[in-house]
Amino acid sequence: MSQNPDDDRLEELREQKLQELQENQGGGDGGREEAMEAQREQADAQRKAVLRQHLTDGARKRLNTVKMSRESFGEQVEQQIVALAQSGRLREKIDEEKMKELLREMKPDSKSFNISRR
């Protein structure tokens with residue numbers, strides 16, 4: 001090891017990092033779960049960035065309100081907006097009025113009950 005001391009230190013750090021990575025992966029599914037969690041977080045961050053880019057503040061507030069009351073429906077709307085944005089069909093930002101219209105279009109058919117009294 002007639003290298004310079006910085007090279008020796010760098011080699012030690014590389015070996016230590018390699019050993020840490022092997023220990024983390026040696027846990028079986030632990031490393032895989034962490035990777036999947038990181039991937040989910042990254043996808044969530046990308047989805048939020050797309051929504052922030054294509055929704056005005058009013059539309060974002062309305063979408064958040066919908067998600068608070070009916071989470072699954074709110075997520076469907078988010079997915080629809082992201083799909084529209086990624087396909088290039090959104091040319092301008094969605095404002096609150098357009099969000100209302102989109103929510104009306106996507107709203108599941110409500111069941112109405114007619115009660116007649118005799």
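Everything numeric in this text was worked out from a predicted model, so none of it was measured. (Residues numbered from 1 in each chain as written. Predicted model: local features only at pLDDT ≥ 70, side-chain atom pairs only at ≥ 80, totals over all residues. Heavy atoms only, no water.)

Peer 1: Could you give an account of helix α3 (residues 57-69), naming the residues involved and the relevant values?
Peer 2: Every α-helix carries 3.6 residues per turn, so stepping three or four residues along brings you back to the same face. With 13 residues, α3 extends 19 Å from end C-alpha to end C-alpha; this agrees with the ideal 18 Å at 1.5 Å per step. For α3, the full list of buried residues reads Ala59, Leu63 and Val66. Projection of α3 onto a plane perpendicular to its axis shows the buried side chains occupying an angular sector of 60°, all on one side. Opposite the buried face of α3, at more than 90 degrees from it, the exposed residues are Asp57, Lys61, Thr65, Met68 and Ser69. On its buried face, α3 is in contact with α4 (71-87) and α5 (96-106). (Helix = DSSP H or I, 4+ residues; strand = E, 2+ residues; numbered from the N terminus. Expected span 1.5 Å × (residues − 1). Buried < 20%, exposed > 50% of the residue type's maximum accessible area, 1.4 Å probe, protein only. Arc of directions from axis to C-beta. Contact = heavy atoms within 4.5 Å.)

Peer 1: Could you give me a rundown of the pattern of salt bridges, with the residues and numbers involved?
Peer 2: Tallying each qualifying case throughout the model produces nine salt bridges. Ionic pairing is found between arginine 47 and aspartate 44, a salt bridge with its closest N-O pair at 1.9 Å. In this pair, arginine 47 and aspartate 44 are both assigned in helix α2 (residues 29-54), three residues apart and thus about one turn of the helix distant. Look at aspartate 44 and you get partly exposed, because its relative accessible area is 26%. Here glutamate 78 and lysine 67 are joined by a salt bridge, their closest N and O atoms 3.1 Å apart. Taken as a pair, glutamate 78 in helix α4 and lysine 67 in helix α3 lie far apart in primary sequence, eleven residues in all. Take glutamate 78: its relative accessible area is 5%, and that puts it in the buried class. Salt bridges here are not isolated pairs; linked through shared partners, they connect Asp44, Arg47, Lys48, Lys67 and Glu78. (Salt bridge = Lys/Arg side-chain N within 4 Å of Asp/Glu carboxyl O.)

Peer 1: Let's hear about the nonpolar core: which residues, and what values?
Peer 2: The nonpolar side chains of a soluble globular protein tend to be buried with one another. Among the nonpolar cores identified, the biggest contains 17 residues, and Leu55, Val77, Ile81, Leu90, Ile94, Met99 and Leu103 are the most heavily contacted of them. If you list the elements that add at least two residues to this core, you get α2, α3, α4 and α5. At six residues, α4 tops the list of elements feeding residues into this core. For leucine 103, the residues in contact, after removing those within four places along its chain, are Arg62, Val66, Phe73 and Val77. (Core = buried A, V, L, I, M, F, W, Y, C linked by side-chain atoms within 4.5 Å.)

Peer 1: Describe the environment of arginine 62, and please don't skip the residues or the numbers.
Peer 2: Mapped onto the elements, arginine 62 comes out in helix α3. Residue classification places arginine 62 among the partly exposed residues on the basis of a relative accessible area of 28%. Sequence separation between arginine 62 and glutamate 97 is 35 residues; the distance between their C-alpha atoms is 10.0 Å.

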